[in-house]
Amino acid sequence: MDLSLDVRPLDGFQVVEVAGEIDVYTAPRLREALADLIESGHHFVIVDVENVDFLDSTGLGVLVGGLKRVRANDGTLDVVCTRERLLKIFEITGLAKVFGIYASVDDAFGAHHS
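For clarity, every value in this text was computed on a predicted model and none was experimentally measured. (Residues numbered from 1 in each chain as written. Predicted model: local features only at pLDDT ≥ 70, side-chain atom pairs only at ≥ 80, totals over all residues. Heavy atoms only, no water.)

### Brief notes about helix α1 (residues 27-39)
- In this model α1 runs 18 Å from its N-terminal to its C-terminal C-alpha over 13 residues, within 8% of the 18 Å that 1.5 Å per residue would give.
- All of the buried residues in α1 are A27, L30, A33, L34, A35, L37 and I38.
- Along its buried surface, α1 packs onto β1 (3-10), β2 (13-22), β3 (44-55), α2 (57-71) and β4 (76-80).
- Positive phi shows up at G41, right after α1, with a value of about 95 degrees. (Helix = DSSP H or I, 4+ residues; strand = E, 2+ residues; numbered from the N terminus. Expected span 1.5 Å × (residues − 1). Buried < 20%, exposed > 50% of the residue type's maximum accessible area, 1.4 Å probe, protein only. Contact = heavy atoms within 4.5 Å.)

### With respect to the pattern of salt bridges
- Under the counting rule described, the total for this entry stands at four salt bridges.
- Across the pair R8 and E17 runs a salt bridge whose closest N-O atoms are separated by 3.0 Å. (Salt bridge = Lys/Arg side-chain N within 4 Å of Asp/Glu carboxyl O.)

### Some remarks on the sheet that holds β4
- Reading across the sheet, the five strands line up as β1-β2-β3-β4-β5 and stay open at both edges, with mixed pairing between neighbours. Looking at strand neighbours, the two that pair on one side only are β1 and β5 (100-102), the edges of this open sheet. The sheet shows a mean angle of 25 degrees between the axes of neighbouring strands, direction not considered.
- Across five bridges, the pairing between β3 and β4 is parallel. Residue I46 lies in a different strand from β4, and its bridge partner there is D78.
- Across the face of the sheet, α2 comes into contact with β2, β3 and β4 while running at roughly 145 degrees to β4. (Pairing = 2+ DSSP bridges. Axes fitted to C-alpha atoms, helices over the stretch in contact; angles between N-to-C directions.)

Any functional reading would require information that these geometric values do not contain.
What follows is the structure, given as structure tokens:
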């Protein structure tokens, strides 16, 4: 399974919609996309993994790396995820406490504009 990435702006945020599998083979593409966004001055990022079928430790590492980079610029990196299997991975690794995890892009966006 391949990885597809779609990036779109949302009122000061960049939404990265990810579909497919994030693993040791595809994670570098996500890492590069996040790095490009952050280096070009976008420090408020929402990563939508609703259409991700598989996420391994490499993929988690990419998300954590992105989070560290945006936080260094007083930004945020939130995750949109309602899939039980993926949520369990965030819970088990303790990353559910590190990331803002939301049910929808609107919820993630709204959390910063309330």
